[in-house]
Amino acid sequence: MRYAIISDIHGNLPAFQAVLRDAKKQEIDRYVFLGDYYADMPFPNETADLIKSIKNAYVVKGNKENYLKDLMGQNQSKWTHDMLAPLYWGFQAYRPDNLHYMIDLPEQIETIEEDGTLITMFHAPAALFPHKGMRELSSSNFAQKMRSQPFSHEEYLKYADMQLRSDNEFMAKLKSMPKGIYLFGHTHIQWYL
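The rules behind each value
Residues numbered from 1 in each chain as written. Predicted model: local features only at pLDDT ≥ 70, side-chain atom pairs only at ≥ 80, totals over all residues. Heavy atoms only, no water. Helix = DSSP H or I, 4+ residues; strand = E, 2+ residues; numbered from the N terminus. Rg over C-alpha atoms; globule rule 2.2 N^0.38 Å. Buried < 20%, exposed > 50% of the residue type's maximum accessible area, 1.4 Å probe, protein only. Areas by Shrake-Rupley, 256 points an atom, 1.4 Å probe, with all protein chains shown as cover. Lys, Arg positive; Asp, Glu negative; His and termini not counted. Charge placed at Lys NZ, Arg CZ, Asp CG, Glu CD. Salt bridge = Lys/Arg side-chain N within 4 Å of Asp/Glu carboxyl O.

Caption draft 1: The arrangement of the overall build of the protein in detail. The number of helices and strands found in the protein is nine helices and six strands. Relative to the 2.2 N^0.38 estimate, which gives 16 Å for 193 residues, the radius of gyration of the protein is 18 Å and therefore close to what a compact globule would have. Taken along the three principal axes of its C-alpha coordinates, the protein extends 50 × 40 × 30 Å. Looking at the protein as a whole, 42% of its 193 residues are labelled buried. Of the roughly 11300 Å² that the protein leaves accessible, carbon and sulfur atoms contribute 53%. For the protein, the distance from the average site of its 21 positive side-chain charges to the average site of its 24 negative ones is 2 Å.

Below, the structure written as structure tokens:
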């Protein structure tokens, strides 16, 4: 079984379409979408329609989709904060069917695959791992470290592994969890343990 794990699209339809073309070439069997489908780029409906059209997909909600629920019922005349303009615009641009689709997505999905493997999918690592080692792997820390001394992806994977394995609280939590695969997005940085 081959999986495409996709997260943090943020309405970037051209990039999303390129990723899906590559996944098709890779003969992907299943798709896992880990949240943050809207905001920042001007294609909320097109992105939602494309996600909804994909067969064999697991789709969970991200923190951006939680913003949609928070914006429901608010007095839009009070929406004056420039830094939130992309969120407001995306909310207003959604067709009702896509708005409700995004709001109603689950926060987490657990499934047991045909081979018996447990796969748990959620958006932000803090949902299961609110530990220091995980915070060290945030995108802001990544950017700061990259500015101070650039590094390769392999070097970053070693750094991530060291950070998490040296976090006793994280390791204890990890050992107490059922054996399986835990997938999340949110950080915009690819790594694994």
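Caption draft 2: Region of interest: the pattern of salt bridges. Summed over the entire model, instances satisfying the criterion amount to seven salt bridges. A salt bridge links Arg-95 to Asp-97, with the shortest nitrogen-to-oxygen separation between them at 3.0 Å. Take Asp-97: its relative accessible area is 39%, and that puts it in the partly exposed class. Connected via shared salt-bridge partners are Asp-49, Lys-52, Arg-95 and Asp-97.

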